[in-house]
Amino acid sequence: MVLSIERFSGKVAVVTGASAGIGASIAEDLVKNGIIVAGLARRTENVEKIAQKLTGQKGKLYAFKCDMTVEAEVIATIKQIIAKLGPISILINNAGLSLNTSLLGGDTKKWKTVLDTNILGLCIATREVAQNMIANKTAGHIIHINSVLGHQVIDFPGLNVYGPSKYAVTALAETLRLEINREKLQIKVTSISPGYVKTDIQSVSGLGDLPIPPLDPADIADAVIYALSTHPHVNVSELTVRAVGS
């Protein structure tokens with residue numbers, strides 16, 4: 001089987017959380033493959049720096065400011081992308097975070113931020129993009145960047161609602177796939193579940209680095225390109241990626 005992402009060349013992709021780490025790496029790889037990328041982030045200056053670095057590539061990266069915890073912003077941003085760049089063919093739901101607290105004595109505000117970002121923001125972006133795909137009869141692809149913690153519970157202090165939020169992503173991806181099948185739509189759904197990836201999420205969360213071999217963000221970008229490159233009749237519904245020895 002020859003894999004090719006060529007059919008998406010010149011098409012529009014949306015990548016949430018595109019300012020750093022996995023999202024930035026995915027955006028870069030998509031642009032290098034000729035795709036027009038809308039990179040969503042609160043820190044648009046970081047996305048703009050990445051876009052400058054990609055000058056001369058086959059595709060192009062555009063920065064869009066968006067807080068994934070604010071529904072009105074997500075809806076308005078998707079509409080803005082469609083108006084500026086055209087119909088959307090790919091959605092990469094990458095935005096996600098963990099905040100260091102606990103369940104026994106946890107901080108409700110931190111719980112809500114994690115759940116609003118990892119679950120509701122993902123659902124809202126998916127709904128808005130899916131409606132655009134349906135309206136344009138697009139053979140699109142929706143990819144959720146999940147986690148191995150969406151499939152297993154580990155005893156690690158501070159993770160609290162992060163793992164449960166990723167379990168929700170696992171269920172949401174499969175539920176979406178079944179809805180799409182029921183409606184007979186030509187839209188693929190993939191859940192990509194990385195193991196430990198060394199990014200700035202560790203410092204933001206206050207959890208620190210884990211004592212196991214890490215993946216690089218580029219490894220997850222490779223997984224995204226693989227899923228997008230499969231033949232139109234093939235849907236990789238779940239893909240787990242771990243570092244050797246982890």
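Residues numbered from 1 in each chain as written. Predicted model: local features only at pLDDT ≥ 70, side-chain atom pairs only at ≥ 80, totals over all residues. Heavy atoms only, no water.

Named according to an unreviewed UniProt entry, the chain is Farnesol dehydrogenase-like originating from Dendroctonus ponderosae. Recorded under Sequence similarities (unreviewed entry), the UniProt text for the chain is reproduced unchanged: "Belongs to the short-chain dehydrogenases/reductases (SDR) family." (UniProt positions renumbered as here; feature names shortened; annotations may be inferred.)

J.: Would you mind showing me how to read the environment of valine 12 here?
T.: In this fold, valine 12 is placed in strand β1 (residues 12-16). With near-sequence residues (within four places) excluded, valine 12 lies in contact with Ile36, Ile81, Leu85, Gly86, Pro87, Ile88, Ser89 and Ile90. (Helix = DSSP H or I, 4+ residues; strand = E, 2+ residues; numbered from the N terminus. Contact = heavy atoms within 4.5 Å.)

J.: In this structure, what is going on with helix α2 (residues 44-53)? I would like to understand it.
T.: Taken together, the buried positions of α2 are Thr44, Val47 and Ile50. Seen along its axis, α2 keeps its buried residues to an arc of 115°; they face one direction. Along α2, exposed side chains directed more than 90 degrees from the buried face belong to Lys49, Gln52 and Lys53. Contacts from the buried residues of α2 go to α1 (21-32), β2 (36-41) and β3 (60-65). (Buried < 20%, exposed > 50% of the residue type's maximum accessible area, 1.4 Å probe, protein only. Arc of directions from axis to C-beta.)

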